[in-house]
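Report on the structure
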Amino acid sequence: MDNRISFLKTVVPFNLLPQDVLEHTAGLLGEVHYPKDATIYHQETTRLKGVDIIAAGEYETFFYDSSHNKRLVEIFKPGDCFGGISELLNGRKSLTTVIVKKDTVVYTLPRKAFNALCREHEAFYQHFTDSFGKRMLNEEFAHFYKNPTNFEKSFISSEQLYSLRIESIEYREIIWCRADTPVYQAAIVMGQQKISCLFVKNEQSKIIGFVTDITIRDNVVAKQASFESPVSSIMDSPVASINVHAFVYEAVLNMFRTKKRYLLVEKNGEYIGFISRNKLMSEQGQSPLVFIQSVKQALSIDELKRKWEAVPRLVTQLLERGVHAAIVNQVITTVSDTIAIKVIETVTRQMGPAPAKFVFMVLGSEGRKEQTLKTDQDNAIIYEDKANEHREEVREYFLEFATMVSGHLNTIGFSYCTGGYMAQNPKWTHSLSHWKNNYLAWMNESLPETVMQIATFFDCRYIYGDENIMKELEAFLDEQLQNPMDRLFHFMAKNALQYEPPLTPFFKSIRTFKVDKKEVFDIKKAMTPIVDLVRVYALKSRIFEPNTGERLKALKDKQVFTESEVTELLQSYYYLMGLRLKTQSQHIIHDHLPPDNYIMPQQLSKIDQLTLKEIFKTIENFQLRIRMQFTGNLLG
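Please read these numbers as outputs of a predicted model, since none were measured by experiment. (Residues numbered from 1 in each chain as written. Predicted model: local features only at pLDDT ≥ 70, side-chain atom pairs only at ≥ 80, totals over all residues. Heavy atoms only, no water.)

1. Here's the deal with the overall build of the chain
Applied cut-off: Numbering of helices and strands starts at the N terminus; helices are DSSP runs of H or I of at least 4 residues and strands are runs of E of at least 2. Any residue under 20% of the maximum accessible area for its type is buried, any over 50% is exposed, and the rest in between are partly exposed; the area is computed with a 1.4 Å probe on protein chains only. Here a residue-residue contact requires only that any non-hydrogen atoms of the pair lie within 4.5 Å. The method behind every accessible area is Shrake-Rupley, applied with a 1.4 Å probe, and residues are considered shielded solely by the protein chains displayed. In this charge count, Lys and Arg are treated as positive and Asp and Glu as negative; neither His nor the chain ends contribute. To locate a charge, the coordinates of NZ of Lys, CZ of Arg, CG of Asp or CD of Glu are taken.
A count of helices and strands for the chain gives 26 helices and 21 strands. Principal-axis analysis of the C-alpha atoms gives the chain an extent of 100 × 75 × 45 Å. With 636 residues in all, the chain has 53% of them scored as buried. A separation of at least 24 residues holds for 71% of the contacts in the chain among residues at least 6 apart in sequence. When the accessible surface of the chain is split by element, carbon and sulfur atoms take 49% of a total near 30300 Å². The positive charge centre, built from 76 side chains, and the negative charge centre, built from 77, are 2 Å apart in the chain.

Here it is as structure tokens:
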């Protein structure tokens, strides 16, 4: 006891307390031992039980940023106190993350006792508030205090979603049978092995499908099929796979998009195991993927509408946790795709099966998987070529089908495209041969207006139907782009130079214009040059990845851009995307207004304003490069 009293006399601000108070306080201290490298507090997550006074050892404290980098690292040594600011000014939640750097002994003063000392001894209380005031003069500290990333909340409760890779989780051994195995024998194997998924191999030992409990229920029991039938006649196929180094969130989004409940895990070209959606979902807790699952289970257009209206709050939660804007885009896109597929399936049930194979594809930002909260419909239909006597019948079906789909989507909240880029427009629902002629004509004409159409329809992505139709169109384009296309790229480059970054001369400030008496800039137009210039290089390099980020990485692999250039563009693009999504969600949630793309610079922090200026300079530099390479004119 005497040792604790002597120790407290050396600790600021306990040395300010009267002797009798100090003796009473020493009797309230609890002693805790922590092992080296233990993480004992997580920023914005862990609720403190009191104030820690380090008796021996060290604390390392820091903020995590959204990329899980340590920021503002501090070392607390014997005699230092931790937790006073968190207790008084941060709702008891630890302001920073704390890792024990040595075997450490801590005296903990219970929070009630600490608060009593603050109430009764002004100098003691003032020590902590003065310390906080000095820290707030540090711009970086102020940034993290005012805008906590809540990364720890994301990193802990949804670690599997945002940071963990497939190789880090437990996947199951592949159990398989031959394609000619009778159904009843397959069921016996599943029962003996206590598995719900049995894979099927052909004579070349290649996995060609799988059988599940649901497969047997739906394809055998419900149809009263023979239990002697070979599993190949009732199996689900094709199989889907994911690389062992991919992130867990990619696996689950993949499952939702492909409607697969199981994914094979691939490493170095071989399958080493498999994972199930239920397994991943059970580890996600309250992740956005649970929300996506609820969208899949929606039973009506009205329910889908309510789900889409809930997306802004989901986006806000993700951004507040420090989730990267690229992941937020993917979540929005997956929700949007899921809704569109539900609508398509609803209309198909109402109209009956399609009279031909077809693809429903999405265009523009949704085609690039870069959808925001201000979105309209951009879609088209490609159907297989049919004999002359069926052409009108097929076309009539798909135009009516597209009109019904667009009407439902508009009701849900995806407004009609003002430019008419929708499948219900007869111009954008055609046979595969007609679509090939469209692309060929646009590329050969290479006029400013046809270049706009190439740009729109190059940013396309399959979401429903027979994907082979899309692959055939892509193969056709790949073949055509091997021909000289200088005129096409010239006009596409000029199109990429149409929007200039909103900077005043000499980069002094952000150039604005007035909307409703407010000085704003259009962040969508500020981002457009990056999308456009990356598209030009992707077309020239015959890269068919739909996403801007994916295109940049592919361009790096082809050595069109250096790694530093790609990093610079990716950081710039997704910084702008994050700001755009945050602003739109605020419009919807806090202002109860439709989202737009206008941002008032004066409402941004100084950090945001300075960052935007640097981003706009980066865009100008890349525009200069594309101007020289494709137009041969420094002045455009």
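2. A look at the environment of R217
What counts here: For the purposes of these results, a polar contact is taken to be a pair of N or O atoms within 3.5 Å, where, inside protein, one atom must be able to donate a hydrogen and its partner to accept one; residues adjacent in sequence count only when each atom of the pair is a side-chain atom.
Tracing the backbone through its elements, the reader meets R217 in helix 10 (residues 213-221). With 107 residues separating them in the primary sequence, R217 and P110 have C-alpha atoms 59 Å apart. Polar contacts involving the side chain of R217 include one to the side chain of D218, which spans 2.8 Å.

3. Focus: the packing of aromatic side chains
Where we set the bar: In this analysis, rings of Phe, Tyr and Trp, with Trp reduced to its six-membered ring, are considered paired at centre separations within 6.5 Å, and the interplanar angle assigns stacked below 30 degrees, edge-to-face beyond 60, and tilted for intermediate values. Lysine and arginine charges are scored as sitting over a ring when NZ or CZ, respectively, is within 6 Å of the ring centre and within 35 degrees of the ring normal.
What the rule picks out here adds up to 38 aromatic pairs. For the ring pair F210 and Y262, a centre distance of 6.1 Å and an interplane angle of 65° mean the geometry is edge-to-face. Here F210, found in strand 11 (residues 207-212), pairs with Y262, found in strand 13 (residues 262-267); they are 52 residues apart in sequence, far enough to count as distant. As far as burial versus exposure is concerned, F210 and Y262 are alike and both buried. Connected via pairs of aromatic rings, a cluster forms that spans F358, Y383, Y397, F398, F401 and Y464. Over the ring of W176 we find K201, and its NZ or CZ is 4.3 Å from the ring centre.

4. Quick notes on the sheet that holds strand 18 (residues 461-465)
Filter applied, for reference: In this scheme, strands are said to pair when DSSP sees at least two bridges between them. Lines fitted to C-alpha atoms define the axes here, with helix axes fitted over just the stretch in contact, and angles between the N-to-C directions of these axes take values from 0 to 180 degrees.
What the 4 strands build is an open sheet, ordered 17-16-15-18; its pairing is mixed. Every other strand in the sheet has two partners, leaving strand 17 (429-431) and strand 18 as the edge strands with one partner each. The sheet shows a mean angle of 30° between the axes of neighbouring strands, direction not considered. Summarising the sheet, strand 16 (residues 379-383) and strand 17 pair through 3 bridges and their orientation is parallel.

5. What about the layout of surface pockets?
For clarity, the cut-off: For each structure, a 1 Å grid was placed over the protein atoms alone; sets of points admitting a 1.4 Å probe that cannot get out are labelled cavities, open sets with protein on both sides within 12 Å along at least five of seven lines are labelled pockets, and lining residues have an atom within 4 Å of a point. Grid points are joined across faces, edges and corners, and a volume is the space filled by probe spheres set on the points. Each residue is assigned to one of three groups, with Ala, Val, Leu, Ile, Met, Phe, Trp, Tyr, Cys and Pro labelled nonpolar, Asp, Glu, Lys and Arg labelled charged, and all others, Gly among them, labelled polar.
Its volume calculated, the second largest pocket comes out at about 520 Å³. Around the second largest pocket, the lining comprises 25 residues; the ones closest to its centre are F76, C81, I85, S131 and R135. The set of elements that each furnish at least two residues to the lining of the second largest pocket consists of strand 4 (59-64), strand 5 (70-76), strand 6 (81-82), helix 3 (84-89) and helix 5 (122-135). The residue inventory of the lining of the second largest pocket, partitioned by class, reads 12 nonpolar, 10 polar and 3 charged.

6. A word on the sheet that holds strand 1 (residues 30-34)
Read across the sheet, 4 strands follow the order 1-8-3-6 without closing on themselves; strand pairing throughout is antiparallel. Strands at the two margins of the open sheet, each flanked by one partner only, are strand 1 and strand 6. Bridge count for strand 1 against strand 8 (residues 104-110) is 5 bridges, and the pairing is antiparallel. Its bridge partner lying in strand 8, G30 is registered against T108. The strands touched by helix 4 (residues 111-120) within the sheet are strand 3 (50-56) and strand 8, with strand 8 carrying the most contacts at an inclination of about 65°.

7. A short note on the pattern of salt bridges
To be explicit about the condition: The term salt bridge refers to a pairing of a side-chain nitrogen on Lys or Arg with a carboxyl oxygen on Asp or Glu at a separation within 4 Å.
Overall, the coordinates contain 19 salt bridges when judged by the stated rule. Counted as one network, the salt bridges with shared partners bring together R368, E370, D459, D532, R535 and R551.

8. A closer look at the pairing of strand 15 (residues 358-362)
The buried fraction of strand 15 amounts to 5 of the 5 residues, a majority that puts the element mostly inside the structure. A two-sided burial pattern is seen for strand 15, the buried positions comprising F358, F360 and V362 on one face and V359 and M361 on the other. Note that strand 15 and strand 18 share 4 bridges and pair antiparallel. Counterpart to F360 in the pairing with strand 18 is Y464.

9. Here we look at empty space enclosed by the protein
Inspection of every chain in the model, using the stated rule, returns 2 cavities of 30 Å³ or more. The computed volume of the largest cavity comes to approximately 90 Å³. Surrounding the largest cavity, S336, A340, F360, V362, E366, D376, Q377, D378, N379, L409 and F414 form its lining. Where the lining of the largest cavity is concerned, the elements lending two or more residues are helix 16 (325-351) and strand 15. One number sums up the size of the second largest cavity: a volume of about 30 Å³.

10. Describing the nonpolar core
Spelled out, the test is: We define the nonpolar core as a collection of buried residues of types Ala, Val, Leu, Ile, Met, Phe, Trp, Tyr and Cys that are connected through side-chain atoms lying within 4.5 Å of one another.
Formed by 130 residues in total, the largest nonpolar core has its most connected members in I339, F360, M361, F401, Y439, F457 and F616. It is helix 16 that provides the largest number of residues to this core, a total of 12 residues. Those residues in contact with F360 that sit more than four places away from it in its chain are I344, N379, A380, I381, F401, V405, A423, R461, Y462, I463 and Y464. If you look at the next biggest cluster of nonpolar residues, it comprises 21 residues, including L8, F14, L22 and L29.

11. A short note on a negative patch on the surface
Convention followed: Think of a patch as exposed residues, more than 30% relative accessible area, with no salt bridge, where like charges cluster within 9 Å and nonpolar side chains (Val, Leu, Ile, Met, Phe, Trp, Tyr) cluster within 5 Å.
On the surface, a cluster of negative charge is made up of E392, E393, E396 and E400. With respect to the secondary-structure elements, E400 resides in helix 18 (residues 388-412). With a relative accessible area of 43%, E400 lands in the partly exposed category.

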